[in-house]
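Chain and residue survey
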Amino acid sequence: MSIGSLSATLNAKSVVVLAAIAVVGIGGIGGAVAGVGPTGGFDVPFAQQQEPTPAPETAVHLGPSDATVRVGETATYDVVVANASGGVGDHVAVVSVDDPSVASITDVTLRGTQSDEAAGVSIAPDGSSANLTAAPTDAADGESVVVATVTVGGDAPGTSDVGLRVDGLDTDAGDSYNVTDVGGAAIAVEPNPDPAEFRVSRLNASHNVTQGEPFNVSVSVTNDGDLEATQTVRYELDLADSEAVVGNGTATGNGTATGNETATGNGTAAADETVDSDEPFEADRVVATREVTLAGHDRETVTFSGVNVTDVDPGSHRHGVSTENDSVTGVVDVEAAARSDPGPETAVRLLPSGVPVDADEPEVTGETVDPGETTTYDVVVANASGGVGAYEFTVDVEDVTYATVADVTVRGGASDATTEVVFVEDGAAANVTAVPADTDDNGSVTVATLAIEGHAVGTTDLGLRVDALANENGTRYNVTTVTGATITSESDYSGGSASTGDGDASDDGGPTSRDEISRAKYGVAFEDLGSKTVGEVQAIYNRQPFPGDADPAEVDTRDEISDARYNASFSELDRDAAIEVQNAYDAQFGSLPSDPGHSRDNISRALYDADFAELDAEQTGEVQAIYNRQPFPDDVTPGEIRTRDEITNDRYGVQYDYDDISRATKIEIQNAYDAQFGDGEA
């Protein structure tokens, strides 16, 4: 029986019932008249009235109950009769989207054999709803039946309910179902991911590029998009002299490269500055290419090794690296090939100022300085012949815990336009280039004076590397010996505490101050520490209170533990050693987690989208450090934790890592890192 003929059927049944009553009434009256007694002598059978058969029960729902799509994608939902015990006859339903700005109905497909007269679908112009009218659907009795499929498209990021209303549902026989439950669904629409976009920065080339000799070029490549992609990274070089002034610059990288690429970005740029551009760099020649694959927001330092400039004239040349999306350019200085005849021989030494030079006794000498004070060293050409007209050298401090380069004074009257002094990593080294210079013609010549500042108590080496040295006629010296020096930082501190004005001095029962930790570990005040050790002291300070009666002097840094166990710095360790040392470091501040809420794989995937076993040594140490700080405060998830490098990148740009930043900035970043775990100061 169809839903449309239900009224006519009820009218016909009423007529039949009334006729039957009339017949029975007449017979009864006649019997009473013709016979004796209430039945008039006739046996009149009375029919038993049957109880009406209850309507079968069922439920109707949309399946699946929820779906997630991106903008522009679609999801399909089935209209399901859960228990079709009487089959499925005519049915009428309405499907609707609660928020049509997020999603809309784009199509409806009716199931079963449908005729144009019996079936119909009407979708609202804005896709907010669809009306379904359908004829019987083939189905086995007692099974769930899909009577229609509705397609919903994602239009904008957000969520919306998908509603269902059943206005009528019959069995095969035409009886109505008792629909006891109707279930809708939901849809979530996510924004489309940003396409891969490879950005390049920090273009670096080797110093002393000589015509006919290979050199190296490195560049940092960052995928600013969400999707993984592979692009060709091209290195190009202009053959024509650009007549640009050549300067110096430095940069470091932290990516992981494969194949012929390297993950090292330490190097000295041969350009005063580089220029970023969205336009491809077009030079005379594409010298080398690399295929680079990066996941979303990953970064690598790509190195082009063994670049040859055989047919490039001496001079300053524009060069650059480009991807499909970006380019960075700079200037590389190509020097003429050295003449076959050797130049005059000489030695170059780094000496405490005032110490006489003796080319025949190149022993290493040193000076003593108080923490926070400076002393000076001279770079001396021991035996000049024809003076010194041009030079390029680097002085580096082996361990910035004890000292750093504070200043450089160039000698010989070189002009500012042709002199470059670049400090590397907050005083860890200084690169000096000067041309032309005017010095004494012969004998011992001082070409530069460096101010070296003392920090923690101890001794470190001062290295000297001479990259170029020529006399006033342009003839290159044959440098036979290069000798560095040492510096010792001493303190008369004999115990106790003195505030440095940092405002963190301890009261009775309060935390140990940074000054007390600094003096206990390094014998100097906190304000006298260099950029490396200031971060280590700040990290120890933030982890208070120390367990038991631990003394700050007994708390070792990761480098100190690494040196004691492996005679290497923490950054030089392999994965297994990095885990061991990180655990030993964290155990000084309390027990390591025994049953943490997040595994190392969970943290690794959140940070690097890779399993823990797939990480390099640096990433392994980062994940182990975060793992050991559990439980995280306030239900913080691993995806919300940032490493020190990531915090540095976020605040100061991807060209800076934690090791590159200044003393004050390092304190800020260390505090921000520890605050994620409820320690220290935000």
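Fair warning: this is a prediction, and the values are worked out from it, not measured in the lab.

So, on to the overall build of the protein chain. Secondary structure assignment for the protein chain yields nine helices and 33 strands. Here the protein chain holds 682 residues, and 45% of them are scored as buried. Of the contacts made within the protein chain by residues no fewer than 6 positions apart, 74% connect residues no fewer than 24 positions apart. A total accessible area of about 32,600 Å² is found for the protein chain, and carbon and sulfur atoms account for 46% of it.

So, on to the sheet that holds strand β8 (residues 143-154). Pairing between the strands of a sheet comes from backbone hydrogen bonds, and it takes one of two forms, parallel or antiparallel. Within the open sheet, the five strands sit side by side as β5-β8-β3-β1-β10. Their pairing is mixed. The open sheet has two edge strands, β5 (103-110) and β10 (178-183), and neither has a second partner. Pairs of neighbouring strands in the sheet enclose a mean axial angle of 20°, with direction left out of account. Summarising the sheet, strand β3 (residues 74-84) and β8 pair through nine bridges and their orientation is antiparallel. Residue pairing in the sheet places threonine 74 in a bridge with glycine 153 of β8.

Before going further, it helps to examine the side chain of glutamine 676. Along the chain, glutamine 676 falls in the segment after α9 (663-675). Looking at glutamine 676, its side chain comes within polar contact range of the main-chain oxygen of tyrosine 673, at 3.2 Å. Setting aside chain neighbours within four positions, we find glutamine 676 in contact with Pro633, Glu640, Ile641, Arg642 and Ile647.

This brings us to the packing of helix α8 (residues 644-652) against α9. The interhelical angle for the contact between α8 and α9, taken along N-to-C directions, is 120°, at an axis separation of 9 Å. The angle between α8 and α9 places the two elements in the oblique class. Of the two possible hands of crossing, α8 and α9 adopt the one that is right-handed. Counted together, Arg644, Ile647, Thr648, Arg651 and Tyr652 of α8 and Thr665, Glu668, Ile669, Gln670, Ala672 and Tyr673 of α9 form the full contact between these two elements. Classifying every residue of the contact of α8 with α9 by side-chain character gives five nonpolar, three polar and three charged.

This next bit is on the sheet that holds strand β20 (residues 299-307). Pairing in this open sheet of three strands is antiparallel, and the strands run β12-β14-β20 from one edge to the other. The strands lining the two open edges of the sheet, one partner per strand, are β12 (198-205) and β20. Direction aside, the axes of adjacent strands within the sheet are offset by 20° on average. Across six bridges, β12 lies against strand β14 (residues 215-223) in antiparallel orientation.

The next thing to look at is the pattern of salt bridges. For the structure on display, the rule yields 19 salt bridges. Notably, a salt bridge pairs arginine 199 with glutamate 197, separated by 2.3 Å at the nearest N-O pair. Of the residues examined, arginine 199 reaches a relative accessible area of 22% and is grouped as partly exposed. Given the relative accessible area of 28%, glutamate 197 is considered partly exposed. Notably, a salt bridge pairs aspartate 657 with arginine 299, separated by 3.2 Å at the nearest N-O pair. One end of the pair, aspartate 657, is in the loop between α8 and α9; the other, arginine 299, is in strand β20, and 358 residues separate them in sequence. For aspartate 657, a relative accessible area of 6% translates into the label buried. On the basis of relative accessible area, arginine 299 is assigned to the buried category, the value being 13%. Through salt bridges with shared partners, a single ionic network connects Glu197, Arg199 and Asp326.

Here we come to the environment of threonine 419. Its location among the elements puts threonine 419 in strand β28 (residues 419-424). In the structure, threonine 419 is positioned 13 residues away from valine 432 in sequence and 7.6 Å away in space, judged by C-alpha atoms.

In this sheet, strand β31 (residues 458-470) lies alongside strand β26 (residues 390-397) in antiparallel orientation, the contact comprising eight bridges. Within β31, the residue paired with threonine 394 across the bridge is arginine 465. The pairing of β31 with strand β33 (residues 485-489) spans five bridges and is antiparallel. Looking across to β33, one finds that glycine 458 is bridged to serine 489.

The next point concerns empty space enclosed by the protein. With the rule as written, the count across this model stands at four cavities of 30 Å³ or more. Each pocket or cavity is described by its volume, and for the largest cavity that value is around 90 Å³. Lining the largest cavity are Val60, Val79, Val81, His91, Val92, Ala93, Leu132, Val147, Ala148, Val166, Gly168 and Leu169. The set of elements that each furnish at least two residues to the lining of the largest cavity consists of β3, β4 (91-97), β8 and β9 (158-169). When its residues are assigned to classes, the lining of the largest cavity shows 10 nonpolar, two polar and no charged. In this structure, the second largest cavity is lined by Val348, Val379, Val381, Tyr391, Glu392, Phe393, Val447, Val466, Ala468 and Leu469. The set of elements that each furnish at least two residues to the lining of the second largest cavity consists of β25 (374-385), β26 and β31. Residue composition of the lining of the second largest cavity, grouped by class: nine nonpolar, no polar and one charged.

Turning our eyes to something else, we now look at the nonpolar core. In terms of nonpolar packing, the biggest core is built from 33 residues, with Tyr77, Val79, Val95 and Ile187 touching the most fellow members. Once residues within four sequence positions are removed from consideration, tyrosine 77 is found in contact with Leu62, Gly63, Pro64, Ala67, Ala148, Thr149, Val150, Val152, Val162, Ala185, Ala186 and Ile187. If you look at the next biggest cluster of nonpolar residues, it comprises 31 residues, including Leu350, Phe393, Val408 and Val445.

Below, the discussion takes up the packing of aromatic side chains. Aromatic rings considered in pairs are described by the distance between their centres and by the relative angle of their planes. For the structure shown, the criterion picks out six aromatic pairs. With a centroid separation of 6.1 Å and an interplanar angle of 45°, the aromatic rings of phenylalanine 632 and phenylalanine 677 are classed as tilted. Pair noted here: phenylalanine 632 is in the loop between α7 (617-628) and α8 and phenylalanine 677 is in the segment after α9, with a separation of 45 residues, a long-range link. Among the aromatic residues, those joined into a cluster by ring pairs are Phe546, Tyr585 and Phe589. Taking NZ or CZ as reference, arginine 514 lies 5.8 Å from the ring centre of tyrosine 541, over its face. Sitting above the plane of the tyrosine 658 ring, lysine 666 keeps its charged end 5.1 Å from the centroid.

Before going further, it helps to examine the packing of helix α2 (residues 514-522) against helix α3 (residues 531-542). In a packed pair of helices, the relevant descriptors are the angle between the two axes and the axis-to-axis distance. The geometry of α2 relative to α3 is characterised by a closest axis approach of 10 Å and an angle of 120° between their N-to-C directions. In terms of orientation, α2 and α3 fall into the oblique class. Considering only the axes of α2 and α3, their crossing is right-handed. The segment α2 lies against α3, with Arg514, Ile517, Ser518, Lys521 and Tyr522 engaging Thr533, Glu536, Val537, Gln538, Ile540 and Tyr541.

Our focus in this paragraph is α3. Counted at 1.5 Å a residue, the expected span for α3 with its 12 residues is 16 Å, and the 17 Å between its end C-alpha atoms agrees. Judged by how many residues are buried, α3 sits mostly within the fold: 11 of 12 residues are covered. When we look at burial in α3, the residues that qualify are Ser531, Thr533, Val534, Gly535, Glu536, Val537, Gln538, Ala539, Ile540, Tyr541 and Asn542. Of the surrounding elements, those touching the buried residues of α3 are α2, α4 (558-566), α5 (575-587) and α9.

Turning to the confidence of the model for the protein chain, a few remarks are in order. Per-residue confidence for the protein chain gives a mean pLDDT of 79; residues scoring 70 or more make up 77%. Taken together, the stretch residues 494-503 has pLDDT below 50 and engages in 13 contacts with residues farther than four places along the chain or on a different chain.

Rules behind the numbers
Residues numbered from 1 in each chain as written. Predicted model: local features only at pLDDT ≥ 70, side-chain atom pairs only at ≥ 80, totals over all residues. Heavy atoms only, no water. Helix = DSSP H or I, 4+ residues; strand = E, 2+ residues; numbered from the N terminus. Buried < 20%, exposed > 50% of the residue type's maximum accessible area, 1.4 Å probe, protein only. Contact = heavy atoms within 4.5 Å. Areas by Shrake-Rupley, 256 points an atom, 1.4 Å probe, with all protein chains shown as cover. Pairing = 2+ DSSP bridges. Axes fitted to C-alpha atoms, helices over the stretch in contact; angles between N-to-C directions. Polar contact = N/O pair within 3.5 Å; in protein donor to acceptor, adjacent residues only side chain to side chain. Parallel < 35°, antiparallel > 145°, perpendicular 65-115°, else oblique. Left-handed = near helix turned anticlockwise from the far one by under 90°. Nonpolar A, V, L, I, M, F, W, Y, C, P; charged D, E, K, R; others polar. Salt bridge = Lys/Arg side-chain N within 4 Å of Asp/Glu carboxyl O. 1 Å grid on protein atoms, 1.4 Å probe; cavity = no way out; pocket = protein on both sides within 12 Å on 5 of 7 lines; lining within 4 Å. Points joined across faces, edges and corners; volume = space filled by probe spheres on them. Core = buried A, V, L, I, M, F, W, Y, C linked by side-chain atoms within 4.5 Å. Phe/Tyr/Trp six-rings, centres within 6.5 Å; stacked < 30°, edge-to-face > 60°. Lys NZ or Arg CZ within 6 Å of the ring centre and 35° of its normal. Expected span 1.5 Å × (residues − 1). pLDDT = per-residue confidence, 0-100.

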